[in-house]
Amino acid sequence: MPTTALTYPLLAALSAVLLPFAGFLLSAALGKRAGNGAVATSAILLSLLAACYAFAQIWNQPPIHIQWHWFTIGEQAFHVGVLLDNMAVMMLVLVSLIALPVHIYSAAYMKGDPGIHRYWTYLSLFCFAMLGLVVADNLLLMYICWELVGFASYLLIGFWFTKDAAVQANKKAFIVNRIGDIGFLIGMALTYSHLGTLDTTALIEAPEILPAPWLTVAGLAFFLGAMAKSAQFPLHVWLPDAMEGPTSVSSLIHAATMVAAGVFLLARIFPVFDATVLLVIATIGTVTAFAAAYFALTQYDIKKILAFSTISQLGFMMVGIGIGMYPVALFHLATHAFFKCLLFLCAGAIIHEMQHAKETHDLDMDPQDIRNMGGLRKHMPLTFTAILIASLALAGFPFTGGYLSKDALIVHTFEWAALQSGAAKLIPYVLVAVSMLTSFYILRLLAKVFFGSLSIRSVKKDIRIHEAPMRMLGPMLFLAGCSLFPLFSVNPLNDSYVWLMQGLTSPVSTLPPLRLLHLAIPVLTTGVTCIVAGVAWQWYVNGKYPLKGGGLFYRLSEHQGYLDALYDAAVVRPVVRLSQLLLWVDHYIIDGMVNGLSALGRSFAAVAAWLDQRLVDGFVRLIGKIAWGLGNVFRRLQNGRLQHYFATLFFIILVILLYHIVVLL
Amino acid sequence: MIPLTHFLIVGACLFAIGLYTVMARRNAILVLVGIELMINAAILNLVAFSRYDKTAYGGQAFALFAIVLAAAAVAVALAIILNAYKFYKSVNPEDIRNLKD
Amino acid sequence: MDITAWVFYGFAAIAIGSALLLVSLRNVARSLFLFFIVLFSVAGLYVFALADFVAITQILVYVGGVLVLMLFAFMLSNKELLNDLQMGTSHFFALPVWQSVILAASFLSILIYASLHLGTHEPAWISSSRESGAILTPTDQTVQHLGVQIMTRYLLPFEIISVLLMMALIGAAHLTRKEANP
């Protein structure tokens, strides 16, 4: 039931949401003077403190729900409100906890950029929208924040808007997101038409009000929205291109928070999904995880590898939702946020240094290409430590948070598959394969970048790579600490002690446990990771690469499954051609009709002008001419001609005589 | 004797011819001749009616006076014509148009 | 018809014919001479109206005075006048100006109509004169009676006419005086 009292936790949560908005307005108003980022960073710091306070007050307490009437259209009333339960406050803290290090890091990373004041403004806008999304209590408000987050992402991807690739990427991101938003809107419409309200609590409590086919449709529609936002196959194509934005943006938005919004939405309205939809979610999640890991194997751009890694892990989260264990999915979301953000920050530090080296020595190279790097372990030791921790967390090595979440996920998937039939039984095995691929690609990245020798040294002998500055290292190391197990559980090896999952568990999500697997799976995955590490060492560090590059599977991976080409041919070109056709129609037919009508009007006007000129003016002129003519006639009498006067005289006399004769006689 | 109407008709013809001469000829002297013709026609009319006026001989007396008047008119008119010719260098009434509007 | 009627018609024909010719010829000199003939014929017509004194006066004054005056003025005027008159004589006959013809013809028709009307409806005073026998006869002594009437009944007009004649003389003489050139 919605409360009306503004308690301190509620106020803290509201201020946590609104402080970045104030930061946004202030940065926008200050313009170029907001370049040092103090406004944005202090806003997010205060927001984090408020969020922590709210978390402390609300975790494992009864949820707080408050609602205000916003507007009414006819008979329908719409509200704006805040729902604070465990899920919401966890996300509140997570988002601000990730955002703060990124803000500090950005001050150093984006130093000297001419548009940096815009950057802080957009970043504050994004934080506000994301925080608003997690506390929203109805679908309308959540949709508004959803769109705002997408818009902020658009602005930030295209931050360097003079680069054509960035402009194309942000357009792509926005358009693909819009396709998903259709799904969200359809879901909202179905909800509203059957329930009469858009409250998520109402939806969660009584999803069976929607009749059977509509319930499935609504579930699929909401999942479509989440697919686009969380980059599931086949709507994932925008995320690799979104790497055109600054790396700090990629770390915050496209690794940790925005892409997790889709997962959050599905977790929020979980009771809506019936068995069919859940199966679809699990399947697509699996396909995404596998495809993305496959594509990541052959990429050369460091950020693209990490982008595909993000997509793959999001697939994992979707599988977690699909098997019904949404707390596990949310837990994986939390751990993934930390180590993925850290991975991106480290990549950013490397790119920053490579860019610096490129400018100093005037080289012609791509600073993001891992083939140009190597042996950076000696030059950037602290960065190497941080990225090593993050990579181990990604690969699911013990003593990291990632190990807890990923292995929990895989084990629960096996438990779920035991209850399923048919092709669903394959899902857990695919996930195991994916985690092997994950280990491979991330260790490939580590090997190529940090081990061996710096390949650009072969071009110029005296290139020096420096360690990252302290302002970048501090946040990185902080996040590295968060990626380790102590934040999540006292027991590094057993996932039953994870306090997050205990807080999020609901009676809906339980599966009969298979005790044996809880031991076997972690051992299997850890063992495979070690083997893969050895293989990667052999191949990339020692240079003994046995396979020939350029085979069919290699090319399929490198070109990302040719999906972009497929979309271009199947969707983009027909739309362009359709729009050209419509342009032709508009130009010739519609404009033609308008021009025709105007020509008709002009011809009428010409006729009217002719009438006016000839008839109306002519009539007036005729009268004038008659007057002139008459005057002229009488003027002629006075022509100075004697005989004419004489004739006139006699003519009049004639008339008088005639009168006398005719009338009087 | 000759009936009255005959005289009158002859007078009418002369008058008409005189009228035409005045209106249509482009020489001032001929205009004068026309005027004289008209006067003569009028005098013929007077004389024709005077046959029935034995008591007062009014028609004939008036005819005499009219002849005298005609002579005076001719004299003065010729003087005027000669003066006008000296000024306008033409006897064509058409050329004297200074009274034109 | 008796001989008087024929002679009358002859005189009338001559008069009208000469007048017509006078009107249609281009040569002004010839027109003046035809005028001369017209005047003589009209004098003859006066005789037939039993106004012999008027006829003689016509010949004396008109022909002998007016016409001679015109001829003098015409012939004795300067050369340019003569040349002007002889210019533009491309045709023998002058072309009739039809507006004037119509006007003259309509006048003629009206006058003839009036004359014919008079013939059928005699005015009262003519009828009473005819009954009382006060009509001129060829054997009357016109001159005596006319003289008496002029001296008694028409004395005032007679004097005024003489004064007017003197005025005309003086006026004509003044008009034709040679101006002293400054």
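These lines cover the structure that appears in this document, whether it is placed above or below. Here the residue numbers are simple positions, counted from 1 along each chain's written sequence. A letter from A marks each chain and a number from 1 marks each ligand, given out in the order of writing. Two thresholds apply to this predicted model, a pLDDT of at least 70 for residue-level local features and 80 or more for giving and counting side-chain atom pairs, whereas whole-chain, interface and lining totals are computed over all residues. Heavy atoms throughout the structure, all of them, feed into the side-chain values; hydrogens and water do not.

## Topic: the overall build of chain A
Working step 1: A tally of regular secondary structure across chain A gives 24 helices and two strands.
Working step 2: Considering chain A as a whole, with its 665 residues, one finds that 54% of them fall into the buried category. Starting at the N terminus, helices and strands are each numbered in turn, a helix being any DSSP run of H or I of at least four residues and a strand any DSSP run of E of at least two. Here's how the labels work: a residue is buried when its accessible area is under 20% of the maximum for its type, exposed when over 50%, partly exposed in between, all with a 1.4 Å probe on protein chains only.

## Notes on the interface of chain B and chain A
Working step 1: The contact definition used throughout considers only heavy atoms, calling two residues in contact when any of these lie within 4.5 Å. With 16 residues of chain B in contact, the opposing surface of chain A contributes eleven residues.
Working step 2: Put simply, buried area is the surface a 1.4 Å probe can reach on two separate parts but cannot reach once they are joined, added for both. For the pair chain B and chain A, the summed buried surface comes to about 1,100 Å²; carbon and sulfur atoms form 60% of the total.
Working step 3: By salt bridge we mean one thing: a side-chain nitrogen of Lys or Arg within 4 Å of a carboxyl oxygen of Asp or Glu. Applying the counting criterion to the chain B and chain A interface returns one salt bridge.
Working step 4: Across the salt bridge formed by Glu94(B) and Arg641(A), the nearest N and O atoms sit 3.0 Å from each other.
Working step 5: Polar contact is the term for a pair of N or O atoms within 3.5 Å; when the atoms are in protein, one must be able to donate a hydrogen and the other to accept it, and sequence-neighboring residues count only if both atoms are side-chain atoms. The tally of links between chain B and chain A comes to four residue pairs in polar contact (both at pLDDT 80 or more).

## Considering the pairing of strand E1 (residues 64-73) of chain A
All names here are of chain A.
Working step 1: Alignment of E1 against strand E2 (residues 76-84), held across nine bridges, turns out to be antiparallel. The residue of E2 that forms the bridge with Ile66 is Val82.
Working step 2: The pairing criterion is simple: DSSP has to find at least two bridges between the two strands. In this structure, the hairpin formed by E1 and E2 is closed by a connection of two residues, where Gly74 is found at a positive phi of approximately 65 degrees.

## With respect to unusual backbone geometry
Working step 1: At the junction of Phe233(A) and Pro234(A), the peptide bond is cis and its omega measures out at 0 degrees in the coordinates.
Working step 2: Along the chain, Pro234(A) falls in the loop between helix H8 (212-229) and helix H9 (238-241).
Working step 3: Residues other than glycine seldom take positive phi values, yet Tyr57(B) does so here, at roughly 45 degrees.
Working step 4: Counting through the fold element by element, Tyr57(B) comes out in the loop between helix H2 (28-50) and helix H3 (58-88).
Working step 5: Even without being a glycine, Leu50(C) presents a positive backbone phi close to 60 degrees.
Working step 6: Within the fold, Leu50(C) resides in the loop between helix H2 (28-48) and helix H3 (52-75).
Working step 7: Overall, the relative accessible area of 12% leaves Leu50(C) in the buried class.

## Details of the packing of helix H14 (residues 326-361) of chain A against helix H16 (residues 381-395) of chain A
Residues and elements named next belong to chain A.
Working step 1: Here an angle of 0 to 180 degrees is reported between the N-to-C directions of two axes, which are lines fitted to C-alpha atoms, with helices fitted over the stretch in contact. Where H14 contacts H16, the axes come no closer than 9 Å and their chain directions differ by 145 degrees. For the element pair H14 and H16, the recorded crossing hand is left-handed. Where H14 abuts H16, its residues Phe339, Leu342, Leu343, Cys346, Ala349 and Ile350 lie against Thr383, Ala386, Ile387, Ala390, Ser391, Ala393 and Leu394. By convention the crossing between two helices is left-handed if the near helix lies anticlockwise of the far one by an angle smaller than a right angle, and right-handed if it lies clockwise.

## Re the interface of chain B and chain C
Working step 1: Between chain B and chain C, the contact holds 67 residues from the first and 85 residues from the second.
Working step 2: In total, chain B and chain C occlude about 6,800 Å² of area from one another, counting both sides; carbon and sulfur atoms represent 80% of this.
Working step 3: The largest share of the area that chain B buries against chain C comes from Tyr20(B), Tyr52(B) and Tyr57(B), three residues that together contribute 10% of it.
Working step 4: Where chain B meets chain C, there are one salt bridge.
Working step 5: For Asp140(C), the salt bridge identified is with Lys54(B), shortest N-O distance 3.1 Å.

## A short note on the pattern of salt bridges
Working step 1: Applying the stated criterion to the full structure yields eleven salt bridges over all chains.
Working step 2: Salt-bridge contacts for Glu147(A) lead to Arg178(A); the nearest nitrogen and oxygen are separated by 2.8 Å. Linking Glu147(A) in helix H5 (residues 139-157) with Arg178(A) in helix H6 (residues 164-195), this pair joins segments that are 31 residues apart in sequence.
Working step 3: Put simply, Arg26(B) and Glu94(B) hold a salt bridge, and the shortest N to O gap is 3.9 Å. You can see Arg26(B) sitting in the loop between helix H1 (4-24) and H2 and its partner Glu94(B) sitting in the segment after H3, a full 68 residues away along the chain.
Working step 4: Among the residues examined, Arg26(B) registers a relative accessible area of 36% and is labelled partly exposed.
Working step 5: By relative accessible area, Glu94(B) is classed as buried at 13%.
Working step 6: A single salt-bridge network, built from bridges that share partners, covers Arg641(A), Arg26(B), Glu94(B) and Arg97(B).

## Topic: helix H19 (residues 470-483) of chain A
Working step 1: Here, expected helix span is obtained from the residue count minus one, scaled by 1.5 Å. Taking 1.5 Å per residue as the helical rise, H19(A) with its 14 residues ought to reach 20 Å, and the 20 Å between its terminal C-alpha atoms agrees with that figure.
Working step 2: Looking at the packing, one finds that the buried side of H19(A) touches helix H3 (86-109), H14, H16 and helix H17 (401-419) of chain A.

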